Amino acid sequence: MRAALIWTISDFPAYSMLSGWSTAGRTACPYCMENTDAFTLRRGGKQTWFDSHRKFLPDDYPFRRNKISFIKNRSVSKSSPPIRIAEYLLKQIEQIGLRRVIDIDSHEINCQLAKRTGWRKRSILWDLPYWSSNMIRHNLDVMHIEKNVFENIFNIVMNVEGKTKDNIKSRKDLNEICRRPELKKDPISGKYLKACYCLDNQSKMILCDWFKTLKFPDEFVSNLGICVDSRKLRLFGMKSHDCHVFMQRILPIALREFLPNNVWQPITELSNFFRELTSTILTNGDMQRLNEQIPVILYKLERVFPPSLFDSMEHLPVHLAYEALIARLVQYRWMYPFERYLRKLKNNVKNKARVEGSICNAYLVEEVGAFSAHCFEAHVMTRHRKVPRNLHEFVSDDDIPEVKTYFDIYVEQVKSAQPNITDTAVDEKLEREFVQWFYKYANELQNNVQNQLIQDLAKGPLRSVTTFTGYCVNGCKFNTINGSSSSNSMNFGVCIKGSNYSSEESDYYGQLVEVLRLEYPGLPIKRTVLFKCDWFDPTPNTGTKVHRQYRIVDINNKCRYSKYEPFVLASQATQVIYALYPSKHCDKNDWWAVMKVKGRPVVKVSQTSSKTYEPFQEDDLDYAEVNMNDINQQHCLNDPSGGMTEIHDDVSTEEEEFLSDPDSDADADGDNEFNSYESD
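Residues numbered from 1 in each chain as written. Predicted model: local features only at pLDDT ≥ 70, side-chain atom pairs only at ≥ 80, totals over all residues. Heavy atoms only, no water.

Looking now at the overall build of the protein. Looking only at helices and strands, the protein features 17 helices and 19 strands. Across the 680 residues of the protein, 50% fall into the buried class. Within the protein, counting contacts between residues at least 6 apart in sequence, those at least 24 apart form 67% of the total. Counting only carbon and sulfur atoms, one obtains 51% of the accessible surface of the protein, whose full area is about 34200 Å². (Helix = DSSP H or I, 4+ residues; strand = E, 2+ residues; numbered from the N terminus. Buried < 20%, exposed > 50% of the residue type's maximum accessible area, 1.4 Å probe, protein only. Contact = heavy atoms within 4.5 Å. Areas by Shrake-Rupley, 256 points an atom, 1.4 Å probe, with all protein chains shown as cover.)

So this is what it looks like as structure tokens:
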């Protein structure tokens, strides 16, 4: 076998072990290296990267000359440090005289040489003949960086005792470094004034109670309600994926009513930065834009938060967009798959006295089972032939190629009758008039239509329908609102793209009321599934509000759509989450924040760009949805009599044991794929 190592993926301490560059101290950043502007806080005793990001701004940016908002009487004129190529780094290591650590003598020599540089050793990876030509050799792990950034910001906002970085030492360092009279001591009481970025106890109580009421779709995130400590008013025990969802989806909504705009806006912008960085499609323009935006976001945070907050984790995001520009998709360069696999290996350990033997034996059994499964006949069900529980599909009218011909005929007739008609108006006519036109057109030409399928469709569906309380489509599991009332999850949120398929203002949001399956006469049986929904009013500012800068969508849950159009094809539905704003006031009680969800097995492919990359996260832009699994079976979540069946019927026996284990480290709703074994 011939293989090449593209790059390494690890957490930040392991980054030092593999690269040889120390990730501790003032020169912890492997990009800035010795050109860093980090310094040690005199009272806090820790390194801070405060005011180290203005040099990444354009030379004519006005904040480079600001001497008040950052370090006192300091302006920045130097440029950002250059990106060093691998050949330069290897030459630097050889000039220093560092060695590979193969014995005690090599380690002692490296310790003496490392006193005047950030290098600690010569990595064995430099022996690879192509290693010095790689542009990215070691990836900054987005998973751990995002988790640590979220925890640092959230703990200082919640003012968690022992976790916050806003303490007495921090305030003393702040008063020496910056000009912020609002954070000085009160001359009367002798205590430091409350910061604008810290919540009071009442706000923290409201926020903790709100966390307990949050509901999410199955397999989206673990139960955050069990992570709330109402006595100490804090969150604890959150996994990396919980922090990932919280940072990108929940944080802007949770803090919107409690923090002033100068604090909430940069936090929201940082949240959107991570969301776009881990998006399903990356383009050169997007990464260049993010690379320009992240220094601005960081200096906005520096104007508000104390220097003690900005450790190496708050500095590293300034380099993430560059890595994405070079190495592309984040989903292939973070620790989630490896942490999940480590947890799988950990579960294979049955004899703790023989850890390696247990892992090897379990791996051998799995390989033998996988190989033997290919020897069975096709009708024998094995764990590799089972359909995953959320990958069910169906055939609908618009999926039939023969019907597409009649779509084109109708559009041509409409455009010939009205030459100046817009595409939006054509879409509206298709939605409202095509069915009646198709029945009439096909029946008139019934004698000339040889296709039996078209003849059956022209007769219309049967009068009797089958109803369900849940349905799996597009990689998401939907439940009716009545079926989800007693559940800890929310699967009834539905979103349908508007007529122009481009703007969020035209989207329709609703709640799933009923699932109907229509059947058409003839053989073979032709079926289609409809969602009956209760739609919210899409009128701008009255029923729907969209924050244009941050793309936050709010809907008024008291306003309903006036027209009677409850039915949509199930294939058109995407899933959304509704969340009430936590607030001290009552003016937001009627408004729900909307969070869009993408099905896990669905990959979105750009319709406009030929150079696309398909990673992991959801994106709100308009893309065609492609299911990666060729599944042509129909599966509903209940039997034909209307009774709900067990959700895990199509899960393997091993997965059932894992999901039912109360001591499992996975999410409470069975989402063991997203969770990782935290080793740091």
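Now, onward.
Listed in full, the buried residues belonging to helix H2 (residues 86–96) are Ala86, Leu89, Leu90, Gln92, Ile93 and Ile96. Along H2, the residues classed as buried sweep out an arc of 160 degrees about the axis, all on the same side. Structural note: H2 exposes Lys91, Glu94 and Gln95 on the side pointing more than 90 degrees away from its buried face. Against the buried residues of H2 lie helix H3 (104–113). Positive backbone phi, approximately 95 degrees, marks glycine 97, located one or two places after H2. (Arc of directions from axis to C-beta.)

Let us look at the pattern of salt bridges. Applying the stated rule across the entire model yields 28 salt bridges. Here glutamate 34 and arginine 84 are joined by a salt bridge, their closest N and O atoms 3.0 Å apart. With glutamate 34 in the loop between helix H1 (12–19) and strand S2 (39–40) and arginine 84 in the loop between strand S3 (47–48) and H2, this residue pair connects regions lying 50 residues apart in the sequence. (Salt bridge = Lys/Arg side-chain N within 4 Å of Asp/Glu carboxyl O.)

Right, let's get into the environment of lysine 191. Relative to the helices and strands, lysine 191 resides in the loop between helix H5 (168–177) and helix H6 (201–213). Residues lysine 191 and isoleucine 168, spaced 23 residues apart in sequence, show a C-alpha to C-alpha distance of 9.5 Å. In this view, lysine 191 contacts Lys184, Lys185 and Asp186; residues no more than four positions away in its chain are not counted.

The side-chain alternation of strand S9 (residues 476–479) yields two buried faces, one formed by Cys476 and Phe478 and the other by Lys477 and Asn479. In this structure, the hairpin formed by strand S8 (residues 470–473) and S9 is closed by a connection of two residues, where asparagine 474 is found at a positive phi of approximately 55 degrees. (Pairing = 2+ DSSP bridges.)

Phe211, Phe246, Ile250, Ile267, Leu270, Phe305 and Phe531 are the most contacted members of the largest nonpolar core, which has 124 residues in total. With ten residues, helix H4 (residues 142–158) is the single largest residue contributor to this core. Residues within four places of phenylalanine 531 in sequence aside, it is in contact with Tyr471, Val473, Phe478, Leu512, Glu514, Val515, Pro566, Phe567, Val568, Ala570 and Ala573. Membership of the second largest hydrophobic core comes to 14 residues, among which are Val411, Leu430, Phe438 and Ile454. (Core = buried A, V, L, I, M, F, W, Y, C linked by side-chain atoms within 4.5 Å.)

With that settled, consider the packing of aromatic side chains. All told, the structure shown has 27 aromatic pairs when counted by the stated rule. Ring plane angle 85 degrees and centroid distance 5.6 Å describe the contact between tryptophan 264 and tyrosine 550, whose orientation is recorded as edge-to-face. Of the two residues, tryptophan 264 sits in helix H8 (residues 261–277) while tyrosine 550 sits in the loop between strand S13 (544–547) and strand S14 (552–556), which places them 286 residues apart along the sequence. With a centroid separation of 4.7 Å and an interplanar angle of 80 degrees, the aromatic rings of tryptophan 334 and tyrosine 336 are classed as edge-to-face. For the pair shown, tryptophan 334 and tyrosine 336 are each scored as buried. (Phe/Tyr/Trp six-rings, centres within 6.5 Å; stacked < 30°, edge-to-face > 60°.)

What follows concerns the packing of H8 against helix H11 (residues 317–327). In contact at an axis separation of 11 Å, H8 and H11 are set at 25 degrees when each is read in the N-to-C sense. As far as their axial angle goes, H11 and H8 are roughly parallel. The chirality of how H8 crosses H11 is left-handed. In contact with Phe273, Phe274 and Leu277 of H8, H11 contributes Pro317, Leu320, Ala321 and Ala324. (Axes fitted to C-alpha atoms, helices over the stretch in contact; angles between N-to-C directions. Parallel < 35°, antiparallel > 145°, perpendicular 65-115°, else oblique. Left-handed = near helix turned anticlockwise from the far one by under 90°.)

This part takes up the packing of helix H7 (residues 240–255) against H8. The geometry of H7 relative to H8 is characterised by a closest axis approach of 8 Å and an angle of 165 degrees between their N-to-C directions. As judged from the angle between their axes, H7 and H8 are roughly antiparallel. Helix-helix and strand crossings are classified by hand; for H7 and H8 the assignment is left-handed. Of the residues in H8, those touching H7 at Met247, Gln248, Arg249, Leu251, Pro252 and Leu255 are Trp264, Ile267, Thr268, Leu270, Ser271, Phe274 and Arg275.

This next bit is on the environment of threonine 424. Structurally, threonine 424 can be placed in helix H15 (residues 423–444). Note: C-alpha distance between threonine 424 and glycine 498 (74 residues apart in sequence) is 9.4 Å.

With that settled, consider the state of the cysteines. By the definition in use, this model includes zero disulfides. With no disulfide of its own, cysteine 243 lies closest to cysteine 227 among cysteine sulfurs, the gap being 8.8 Å. (Disulfide = S-S within 2.5 Å.)

Quick look at the confidence of the model for the protein now. The predicted coordinates should not be examined in detail at positions where pLDDT is low. Looking at the protein, pLDDT values average 80 and 83% of them are 70 or higher. Within the model, the stretch residues 606–680 combines pLDDT values under 50 with 184 contacts to residues more than four positions away or in other chains. (pLDDT = per-residue confidence, 0-100.)

Here we come to the environment of leucine 530. Within the secondary structure layout, leucine 530 lies in strand S12 (residues 526–535). Other than its neighbours up to four places away in sequence, leucine 530 contacts Glu514, Val515, Leu516, Leu518, Phe567, Val568, Leu569 and Ala570.

The buried fraction of H11 is high, at nine of eleven residues. For H11, the elements touching its buried residues are strand S4 (138–139), H4, H8, helix H9 (284–302) and helix H10 (312–315). One or two residues past the end of H11 sits arginine 328, with phi positive at roughly 70 degrees.

What follows covers the side chain of serine 308. Along the chain, the position of serine 308 falls in the loop between H9 and H10. Take serine 308: its relative accessible area is 18%, and that puts it in the buried class. Looking at serine 308, its side chain comes within polar contact range of the main-chain oxygen of lysine 165, at 2.5 Å. Leave out the neighbours within four places in its chain, and serine 308 touches Leu41, Lys165 and Ser170. (Polar contact = N/O pair within 3.5 Å; in protein donor to acceptor, adjacent residues only side chain to side chain.)

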